[in-house]
2 protein chains.
Amino acid sequence: MTRSGGTLGGMPGRKTAETAGNRPATISDVARLAGVSVGTVSKALNGRGSLRAETRHRVLSAAEQLGFQPNKAAVALNSGRTYTVGMITTDTIGRFSIPLMMGAEDALGAGEMSVFLCDARDDPIREQYYLRTLLSRRVDGIIVTGRRTQARPPIGTGLPIPVVYAFISSTDKGDCSVVPDEAGGAAKAIDHLLAVGRRRIAHITGPEHHHSATVRAAAAADRLAEAGLGLAGPPLFGEWSENWGRQAAKIVLSGDNEIDAIFCGSDQIARGVADAVRASGRRIPEDVALVGFDNWDVMALGSQPPLTSVDMDLEKLGRTAAELLLAAIGGRPSPGRHTNPCRLVIRGSTAS
Amino acid sequence: MTRSGGTLGGMPGRKTAETAGNRPATISDVARLAGVSVGTVSKALNGRGSLRAETRHRVLSAAEQLGFQPNKAAVALNSGRTYTVGMITTDTIGRFSIPLMMGAEDALGAGEMSVFLCDARDDPIREQYYLRTLLSRRVDGIIVTGRRTQARPPIGTGLPIPVVYAFISSTDKGDCSVVPDEAGGAAKAIDHLLAVGRRRIAHITGPEHHHSATVRAAAAADRLAEAGLGLAGPPLFGEWSENWGRQAAKIVLSGDNEIDAIFCGSDQIARGVADAVRASGRRIPEDVALVGFDNWDVMALGSQPPLTSVDMDLEKLGRTAAELLLAAIGGRPSPGRHTNPCRLVIRGSTAS
DNA sequence: GTGAGGACGGAAACCGTTTTCCTAATTTTC
DNA sequence: GAAAATTAGGAAAACGGTTTCCGTCCTCAC
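Residues numbered from 1 in each chain as written. Chains lettered and ligands numbered in written order. Predicted model: local features only at pLDDT ≥ 70, side-chain atom pairs only at ≥ 80, totals over all residues. Heavy atoms only, no water.

**Looking at the relation of the copies chain B and chain A**
Argument step 1. Taken as rigid bodies, chain B and chain A are interconverted by a rotation of 180 degrees and an axial shift of 0.0 Å, the fit giving an RMSD of 0.0 Å. The operation mapping one copy onto its partner corresponds to a two-fold rotation axis.
Argument step 2. Take the interface residues of chain B: 100% of them recur as interface residues in chain A, which is what a same-surface contact looks like. (Least-squares fit on C-alpha atoms with pLDDT ≥ 70 in both. Contact = heavy atoms within 4.5 Å.)

Shown next, in the form of C-alpha cells:
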C-alpha cells in the first residue's frame, strides 16, 4: 500500500517518501514518477502550456507524493530573479530596527520575498562586506536601516539593484528614503500640551549632536513661536537616559519660573523626569504634564502615570519602505525623501 | 584611457565597467575579457588546476575590472550547498530574540553563511509557510528561536536538513536545543543574597503557567532548602510587568514577617518592586536587597539603584546554537539539550 | 631523433528549472 | 475522405557556474 501522505499545502514535516537525510525531490523525480518529461512537469506545476486534465493531475499528485518543492536556486538562475532582498541595519539591531524589520519583512513576505538579515554593527567594513555578499547573492533589492535618522552617505553608487533607506536617509537626494516626520511629531506634542492648557513648557532631550534631538527641539520651539509663545528656557540637551531625565528635571524644577509641562525627547528621559517631578512633590499631570517620544511600550506603560508619547509608527514605515522597494524592483522607482507622519498617543501623563 | 577601478576587495559602489542598471558581470564576460575559457576563469578564481601565473593574473585583473562576483545561485546549483540558513522566530521578534539573532548571525556570518529572517508571529500557519519556503530555498540548516523557554513540538520531522532550537527547546529529545540554565541562574541569585547576609527572601515572578516562572521559582526554593531555609512565603505569581511588581511588593511588605530581600522573576518586575519598596520608606539595598532576572540594560540600569540581575547570556547562546548548527551541517550533529550557564551581574541593588 | 611525462588550458557535462520550439496525434472543416 | 487546424507533450537550449576529461605543447632523458 502506497503512502499518500504529504499534501502540497500540508505539513512539510509529515513523513513522506522524503525522509531524513534524503535529498529533496527534483523535478526529474516527479517526471519519472508521473511518466512524463520534465518540461511537462514544469508546465503542469506552473499552469503553462496545454495539458490534458488527466496528465496535469497525475503530475500534481506525483509532486505531492514526493513532497516536491522547486529548487529556488535553479529558478533564480534562469529567471534572473531571486525573490530575495537584503536588509542591512547599519548599526546594531535594536529597539528601532525591530519594528522596522518586522513591518518590512511582513510586507515582503506577502510578496513571496525572503529577507537576508545583515547586522553591520556600525562598522563600515562589515557594511561593505555585506553589500558584496548581497550583490553576489543577486538579491532583487536592499533595505538599509539604522538607529539614527540623520542622513548618511549612500551605501553604494551605481548599484545594479534598487535600494531603499528606512528611518535613516541617504545624503544623495536621488536615493529613496522613508523617514518619520519627527518635526511633525514634536509639533503634535506641543499642540496637545497647548490644548490641555499648558503655557510654560520646557524641553529635555538627547545630545545636541544627535539629529533627532535638534530636529525635535527646533520643531517644538517653532510651534510654540507660532502660538506666540516660547520654550520655558532653552532646550536641555544631554543623553538619551533616565538618569539625564532625572538630572535635567531637577534643574528645570529649581528654576525661577514654575513650568507646567515638560516635553521630553524620548520616553526614557520622560521616565527619569517623572521620577524627579514626583520627588519634588509635584503631581503628574495636575501640576506638570509630561510628553515623551518613541512610544516605547515598556517605558510608556511602566511609567506612573502612563506616558503620553509620540509614536513614529516604525512598523508602518518599514512596511512603506518594503512597498517602495517592491515597486522599484518592478520598475517603478520613487526617488526622494518620503516622510511618514507620527501619531500622538495620549495617556495619563497629560490627561486632564 | 581604460578605467581600472573596482578592486576585488574594494568598494562595490565604486563606478566600474558595471554601472547602474547593467546586469552584473558573469564568468563568461570575464573569460572573454581575459581571452580564456570559462573553465579557466573558474580555476583561476578558485585556485584549482594548474595555470601559468601570467594567465591567472590576467584572469584576476579582468574579474577585478568587471567587478565580477560569482552568482551564488549558480554555485548553489551545482554544489548542493547554498551557504544560507533560516532563522525562524516562532513568536514575534522581541527583546529575547534580538541578542539571540545577533549572536547567531555573527557566528554564521564568519562562516560565510547568510541568514534568512522569518518572523512567524506565534502563528502555526505562518511557521509552516516559512518552513516550506526555507526548504524550497534549500537552506543548509534552520535555527528556531522563541520567547519562551518551554519545550515545543518539533517544527517538522524527517527534515532533510539539521535544525537547532535556541532558547526554546524541542519536545523531541533527539533534537538539538540550546537553552539557558535558568535554574542555575536562580540558584546563583539566591547564593548571592545569602552571601550578602539575607535570610528572609521573597520571590515575585510572572504567570504560573509560564515555564520560566515556575522553573526559576522552584530552583530558588530548592536552593534555599539546601541552605536549611525556605522562601519567605510562597512565590507570588502574576505578570511580567512593573505594575505587578508594585502590587506584589505591597503585599509582601505588608506581611507579618519583615523580609530582607526580594528575588524577582524579571527586571521589569524588579523595577516595580523597587518603586514600591522605596514608597514604603525602606532603603535598597540596606533594608531590602533586590535581584532581577534578564539583565535588560534599560531596566537594570534605569532603576535606582541599578539592579543586580541574572543574565542568560543570550548572545552567547545564539552563537552556540549557530556553531552547533554549522557542526551539524558539516556532518557532526550534537543531538539533545545543551544548557548554557547564566551569569549574575552584581549592581547597587544588592551591594553591601 | 624519439618516446615519456608534465604543464597548461579548452571542451563538455552537470546541477534543476523554465521556455521555446517542434512533432505527432486528434479533431474540425469542407 | 482529405486537408487544415488544434492539442498534447517531448527534446533541447538556456541560466552561470564547477569539474572532469582530454588534447596539445614543451621539456627531458636516452
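Here the narrative resumes.
**A look at the interface of chain B and chain A**
Argument step 1. Between chain B and chain A, the residue contacts involve 68 residues of the former and 69 residues of the latter.
Argument step 2. Interface area lost by chain B to chain A is led by Arg132(B), Arg137(B) and Arg138(B), which between them contribute 11%.
Argument step 3. Across the chain B-chain A interface, the total number found is 8 salt bridges.
Argument step 4. Arg126(B) serves as the salt-bridge partner of Glu105(A), at 3.8 Å between the closest nitrogen and oxygen.
Argument step 5. If you look at where chain B meets chain A, you find 32 residue pairs in polar contact (both at pLDDT 80 or more).
Argument step 6. Secondary structure elements with two or more residues in the side of chain B that touches chain A: helix H4 (72–79), strand S1 (84–89), helix H5 (97–110), strand S2 (114–119), helix H6 (124–136), helix H9 (242–253), helix H10 (267–279) and helix H11 (297–302) of chain B.
Argument step 7. Pairing geometry for strand S2 (residues 114–119) of chain A and S2(B), over 3 bridges, is antiparallel. (Buried area = accessible area lost by both parts, 1.4 Å probe. Salt bridge = Lys/Arg side-chain N within 4 Å of Asp/Glu carboxyl O. Polar contact = N/O pair within 3.5 Å; in protein donor to acceptor, adjacent residues only side chain to side chain. Helix = DSSP H or I, 4+ residues; strand = E, 2+ residues; numbered from the N terminus. Pairing = 2+ DSSP bridges.)

**Side note on the protein's contact with DNA strand D**
Argument step 1. Neighbouring residues of DNA strand D: 25 residues in total, closest Thr40(A), Arg52(A), Thr55(A), Ile27(B) and Arg48(B).
Argument step 2. Looking at DNA strand D alone, sugar and phosphate atoms form 69% of those within 4 Å of the protein.
Argument step 3. Ser42(B) is positioned such that a nitrogen or oxygen atom in its side chain is 2.8 Å from a phosphate oxygen of DNA strand D.
Argument step 4. Sorting the residues of the surface near DNA strand D by element identifies helix H2 (38–46) and helix H4 (72–79) of chain A together with helix H2 (38–46) and H4 of chain B as the ones contributing at least two each.
Argument step 5. The element that contributes the greatest number of residues to the surface near DNA strand D is H2(B), accounting for 4 residues.
Argument step 6. Split into classes, the residues belonging to the surface near DNA strand D amount to 9 nonpolar, 11 polar and 5 charged. (Near = heavy atom within 4 Å. Nonpolar A, V, L, I, M, F, W, Y, C, P; charged D, E, K, R; others polar.)

**Let's talk about the sheet that holds strand S14 (residues 343–345) of chain A**
Residues and elements named next belong to chain A.
Argument step 1. Strand order in the open sheet formed by 6 strands is S9-S8-S10-S11-S12-S14, and the pairing between neighbours is mixed. The open sheet is flanked by strand S9 (236–237) and S14, the only strands paired with a single partner.
Argument step 2. Across 4 bridges, strand S8 (residues 201–205) lies against strand S10 (residues 261–264) in parallel orientation. Counted as the bridge partner of His203 is Phe263 from S10.
Argument step 3. Here helix H8 (residues 211–226) sits on the sheet and contacts S8, S9, S10 and strand S11 (289–293); the angle it forms with S8, its principal contact strand, is near 170 degrees. (Axes fitted to C-alpha atoms, helices over the stretch in contact; angles between N-to-C directions.)

**Topic: the sheet that holds strand S12 (residues 308–311) of chain B**
Within a sheet, adjacent strands bond to each other through the backbone by hydrogen bonds, running parallel or antiparallel.
Residues and elements named next belong to chain B.
Argument step 1. Here 6 strands make up an open sheet; going across it, the order is S9-S8-S10-S11-S12-S14 and the pairing mixed. The outermost strands of the open sheet, each flanked by one partner alone, are strand S9 (236–237) and strand S14 (343–345).
Argument step 2. Packed on one face of the sheet, H9 meets strand S8 (201–205), S9 and strand S10 (261–264) and runs near 150 degrees to S8.

**Describing the packing of aromatic side chains**
Each aromatic ring pair is specified by the distance between its two centres and by the angle formed by the two planes.
Argument step 1. Counting across every chain of the model gives 8 aromatic pairs over all chains.
Argument step 2. Taken together, a centroid distance of 4.2 Å and an interplanar angle of 25 degrees make the contact between Phe116(A) and Phe116(B) stacked. Residue Phe116(A) is found in strand S2, and its partner Phe116(B) is found in strand S2; the two belong to separate chains.
Argument step 3. By relative accessible area, which is 3% here, Phe116(A) ends up buried.
Argument step 4. Sitting above the plane of the Phe293(A) ring, Arg216(A) keeps its charged end 3.7 Å from the centroid. (Phe/Tyr/Trp six-rings, centres within 6.5 Å; stacked < 30°, edge-to-face > 60°. Buried < 20%, exposed > 50% of the residue type's maximum accessible area, 1.4 Å probe, protein only. Lys NZ or Arg CZ within 6 Å of the ring centre and 35° of its normal.)

**Looking at the pattern of salt bridges**
Argument step 1. This structure, assessed with the given rule, holds 47 salt bridges over all chains.
Argument step 2. Residue Glu226(A) is joined to Arg223(A) by a salt bridge in which the shortest nitrogen-to-oxygen separation is 3.1 Å. Of this pair, Glu226(A) and Arg223(A) both sit in helix H8, separated by 3 residues, roughly a single helical turn.
Argument step 3. Take Arg223(A): its relative accessible area is 27%, and that puts it in the partly exposed class.
Argument step 4. It is possible to trace a salt-bridge network through shared partners that takes in Glu105(A), Asp106(A), Glu315(A), Arg319(A), Asp119(B), Arg121(B) and Arg126(B).

**Here's the deal with the packing of helix H1 (residues 27–34) of chain B against helix H3 (residues 53–66) of chain B**
Residue and element names in this part refer to chain B.
Argument step 1. Across the interface, H1 lies against H3 with an axial gap of 9 Å and an inter-helix angle of 125 degrees. As the angle between them shows, H1 and H3 are arranged oblique. Here H1 runs over H3; the crossing is right-handed. Only Arg58, Val59, Ala62, Ala63, Gln65 and Leu66 of H3 make contact with H1, whose side of the interface consists of Asp29, Val30, Leu33 and Ala34.
Argument step 2. Taken together, the residues of the contact of H1 with H3 break down into 7 nonpolar, 1 polar and 2 charged. (Parallel < 35°, antiparallel > 145°, perpendicular 65-115°, else oblique. Left-handed = near helix turned anticlockwise from the far one by under 90°.)

**Some remarks on the protein's contact with DNA strand C**
Argument step 1. Taken together, 25 residues are adjacent to DNA strand C, and Ile27(A), Arg48(A), Thr40(B), Arg52(B) and Thr55(B) come closest.
Argument step 2. Within 4 Å of the protein, the contacting atoms of DNA strand C are drawn from sugar and phosphate to the extent of 68%.
Argument step 3. Between DNA strand C and Arg48(A), the relevant distance is 2.4 Å, taken from a phosphate oxygen to a side-chain nitrogen or oxygen of the residue.
Argument step 4. For DNA strand C, a phosphate oxygen lies 2.9 Å from a polar atom in the backbone of Ser37(B).

**Details of the side chain of Arg271(B)**
Argument step 1. Summarising the element assignment, Arg271(B) is placed in helix H10.
Argument step 2. Side chain to side chain, Arg271(B) and Glu242(A) meet in a polar contact 2.6 Å long.
Argument step 3. Ignoring sequence-local partners within four residues, the contact set of Arg271(B) consists of Glu242(A), Arg271(A), Asp275(A), Met299(A), Glu242(B), Val298(B), Met299(B), Gly302(B), Ser303(B) and Leu307(B).

**Thoughts on the side chain of Asp260(A)**
Residue and element names in this part refer to chain A.
Argument step 1. As for its placement among the helices and strands, Asp260 is situated in the loop between helix H9 (242–253) and S10.
Argument step 2. This buried residue, Asp260, is left without a salt bridge; Arg198 holds the nearest opposite charge, at 5.4 Å.
Argument step 3. Discounting residues that sit within four places of it in the chain, Asp260 has contacts with Gly197, Arg198, Arg199, Arg200, Ile201, Asp287, Val288 and Ala289. (Lys, Arg positive; Asp, Glu negative; His and termini not counted.)

**Quick word on the confidence of the model for chain A**
Argument step 1. Chain-level pLDDT for chain A is 90 on average; 94% of the residues reach the 70-or-more range.
Argument step 2. Under a pLDDT of 50 for its full length, residues 1–20 of chain A has, in the predicted model, 38 contacts with residues more than four places off or in other chains. (pLDDT = per-residue confidence, 0-100.)

**Regarding the domain arrangement of chain A**
All names here are of chain A.
Argument step 1. For chain A, the domain assignment lists domain 1 (1–70), domain 2 (82–180 + 314–341) and domain 3 (182–312).
Argument step 2. Here domain 2 and domain 3 have C-alpha centroids that lie 31 Å from each other.
Argument step 3. Listed as interface residues are 11 residues of domain 2 and, on the opposing side, 10 residues of domain 3.
Argument step 4. Across the interface of domain 2 and domain 3, roughly 960 Å² is buried in total on both sides, 50% from carbon and sulfur atoms.
Argument step 5. The largest share of the area that domain 2 buries against domain 3 comes from Arg95, Arg148 and Thr149, three residues that together contribute 49% of it.
Argument step 6. Taken together, the links from domain 2 to domain 3 amount to 1 salt bridge.
Argument step 7. The salt bridge involving Arg95 is made with Asp294; its shortest N-O contact spans 3.4 Å.
Argument step 8. When grouped by side-chain class, the residues that make up the side of domain 2 that touches domain 3 number 6 nonpolar, 3 polar and 2 charged. (Domains from an automatic or database assignment.)

**So, H4(B)**
Argument step 1. Among the residues of H4(B), the N-terminal cap falls to Asn71(B), whose side-chain oxygen and the backbone nitrogen of Ala73(B) are separated by 2.8 Å.
Argument step 2. Positive phi shows up at Gly80(B), right after H4(B), with a value of about 80 degrees.

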